Structure formats: structure tokens, C-alpha cells
Amino acid sequence: MSAPIMLENRRRQMPGVLCRTVAVMAAAATLAGCGITDTDAHPAGQLVRGSLTASGGRLLRVYFVTPQGTWPVSRPAQAGDRLPQAMKALWEGPTADERARGVVTHLPWAARPIQARTTEGGVEVRLPWLVRDMKSVAVSQLVCTAAAASDAGGDPVIEVLEPGMGNGTWRVRCDENGTADPVGRGGFS
């Protein structure tokens, strides 16, 4: 092919290349502006409780803290009562992998572990600290972990007992956002 004929063939191809380029750019602009925006995570109802693992075992939900608030993590559960296992996992704090992902605990240090037992329709939790000495997010960690591990079913009432405060209890529930909410306030009765 001689040079003048080659130049003529390229001139004929240019309008096709230009049209394809414009079409691709128009499609890209349309897809980029389709109106879908990023959104934050929103609660979607009741929290998952005690899922099965691939090995057939059960999982515990233990609540820790991220910059967004309380956050449940899964831990394997042994056979038997899940409530003491969950309280022990909460007292021991996040694993090294969880801490590397920004998961922390706000529970104060204590020489004694948290004691908990299932009651009719709820859970009784005996603390080694006074509630007033705890951050509100730490109380939520405790209450929501107890609620998730409870065999009481439904929406258990967590009765919190503090050292030196007699037999009076503080009755709370874990709401759908992973926050401790006193019974009789915030819509609970």
C-alpha cells in the first residue's frame, strides 16, 4: 500500500474512533452520576444471637467498643451455659486481632470477674465495680453481652447488682442499637 492510500484509510477510520470514544465517555458519565450515594450502616432489627459455626459449635456475641459505639464480636462457645462464657470473654477483653482492627473495651480493670446467672425472664449480673465508676458505653457492653448470651429468650431484663449497694438492682435492657436502656424509660416497661 502506498503512503497516500494509507493516509486516506486513516482519515476514514477517524470518525468511527471518535464516535466510539465519545460514546464510552458518555456512558461513563451516565453511570458515575446514577444517583447512588454512600450511606452509613443502620440498625436492622434484633441482634443476632448464638449463630452456628461451620464446625457445628455455637457462637457467643460479646460487645466491645469501636469509634462508632458498641460492636458485637463472635467468639466460639463451649457446650453448656453460655452466659458465664460470655462474661469471661468480656472480662478478658478483645483479642489481639480485634485490637488490631480498633476494637477496645471500656470496662474498668477488676481483680474479680463479672458474675452472671440466668433468672426467670432475664439475667442477674453482679459487678465488681459501681456503675457510677463506669463509662456509659462500658455499661452497654456489659448489658448487651449478658442479653445476647442469655437463655431467657426474647428481650431479657438485666438486673445489675453493685458491690456495697444492698439488694437493690438496676434493671436495664439492651436496645436495638446495642445501648443499655433502663427499664421503664425509653419505651421499655
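Preceding block: the structure.
Residues numbered from 1 in each chain as written. Predicted model: local features only at pLDDT ≥ 70, side-chain atom pairs only at ≥ 80, totals over all residues. Heavy atoms only, no water.

Visitor: I tried to follow the state of the cysteines on my own but got confused; where do I start?
Guide: Simply put, disulfide is the name for a covalent bond between the sulfur atoms of two cysteines. Overall, the coordinates contain 1 disulfide when judged by the stated rule. In this model, C144 is linked to C174 through a disulfide, with the two sulfur atoms separated by 2.1 Å. Around the S-S axis, the bridge from C144 to C174 shows a dihedral of about 95° and counts as right-handed. Separated by 30 residues along the polypeptide, C144 in helix α4 (residues 136-149) and C174 in strand β6 (residues 170-174) bring together distant segments of the chain. (Disulfide = S-S within 2.5 Å. Helix = DSSP H or I, 4+ residues; strand = E, 2+ residues; numbered from the N terminus.)

Visitor: Explanation requested: the pairing of β6 in the structure shown.
Guide: A regular strand carries its side chains on alternate faces of the sheet. Sheet analysis places strand β5 (residues 157-161) next to β6, joined by 3 bridges and oriented antiparallel. Each bridged residue has a counterpart across the sheet, and for E159 the counterpart in β6 is R171. Bridging between β6 and strand β7 (residues 180-182) involves 3 bridges; their strand directions are antiparallel. From the neighbouring strand, V172 faces β7, where its bridge partner is P182. Connecting β6 to the antiparallel partner β7 that follows it, the hairpin turn spans 5 residues, and G178 within it adopts a positive phi of roughly 80°. (Pairing = 2+ DSSP bridges.)

Visitor: When you look at helix α2 (residues 82-92) in this model, what are you seeing that I'm missing?
Guide: A turn of α-helix holds 3.6 residues, and therefore any two residues three or four places apart point the same way. If you check which residues of α2 are buried, you get R82, L83, Q85, A86, M87, A89 and L90. Against the buried residues of α2 lie β1 (58-66), β2 (69-77), β3 (115-119), β4 (122-126) and α4. A distance of 3.2 Å separates the backbone nitrogen of L83 from a side-chain oxygen at the start of α2, and that oxygen is part of D81. Phi for G93, located one or two positions after α2, is positive at around 90°. (Buried < 20%, exposed > 50% of the residue type's maximum accessible area, 1.4 Å probe, protein only. Contact = heavy atoms within 4.5 Å. Polar contact = N/O pair within 3.5 Å; in protein donor to acceptor, adjacent residues only side chain to side chain.)

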